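What follows is the residue order along each chain.
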Amino acid sequence: MESQIIRPGYLTAHQTVRVLGISLGGVRLLVHRGQLHRAGGSPRQPWYAVDGVTALAAKRAGKAAA
């Protein structure tokens, strides 16, 4: 479902998977745990704010380096 057009500043679930280096199930788990928040879209095609995804990626990279 990569052809979906979204507003600038947001990522699809598939783009979020690539940034974080995890699976779609991993993204859903992060949302369930409250570590990542949906910023729009629909229940089947959520969007995530670029700022939130990049902050989480930096946080995860910092933990991996420690």
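Look up: the structure comes first, before these words.
Below or above, wherever it landed, is the structure these notes cover. Quick caveat: nothing in here was measured; it's all calculated off a predicted structure.

1. Some points on the sheet that holds strand S3 (residues 46-49)
- An order of S1-S3-S2 is seen for the 3 strands of this open sheet, with the pairing classed as antiparallel. The open sheet is flanked by strand S1 (10-12) and strand S2 (38-41), the only strands paired with a single partner. Taking each pair of neighbouring strands and ignoring which way they run, the sheet shows an average axis angle of 40 degrees.
- Summarising the sheet, S1 and S3 pair through 3 bridges and their orientation is antiparallel. Within the sheet, the bridge partner assigned to Leu-11 lies in S3 and is Tyr-48.

2. So, the packing of aromatic side chains
- If you walk through the whole model with that rule in mind, you get 1 aromatic pair.
- Here the aromatic rings of Tyr-10 and Trp-47 are separated by 5.9 Å at their centres, their planes lie at 45 degrees, and the arrangement is tilted. You can see Tyr-10 sitting in strand S1 and its partner Trp-47 sitting in strand S3, a full 37 residues away along the chain.

Analysis parameters
- Counting from 1, residues in each chain are numbered in the order their sequence is written.
- Selection of residues for local features in this predicted model requires a pLDDT of at least 70, selection of side-chain atom pairs for listing and counting requires 80 or more, and totals for whole chains, interfaces and linings are taken over all residues.
- Working from all heavy atoms in the structure, the side-chain values ignore hydrogens and water.
- Here a strand pair is declared whenever DSSP counts at least two bridges between the two strands.
- The way it works is that DSSP assigns letters per residue, a run of H or I at least four long becomes a helix, a run of E at least two long becomes a strand, and they are numbered from the N terminus.
- To obtain each axis, a line is fitted to C-alpha atoms, and for helices this fit is confined to the stretch in contact; angles are then taken between N-to-C directions over 0 to 180 degrees.
- Geometry of aromatic contacts follows a simple scheme: Phe, Tyr and Trp rings, the Trp one being its six-membered ring, pair when their centres are within 6.5 Å, and the pair is stacked under 30 degrees between planes, edge-to-face over 60, tilted otherwise.

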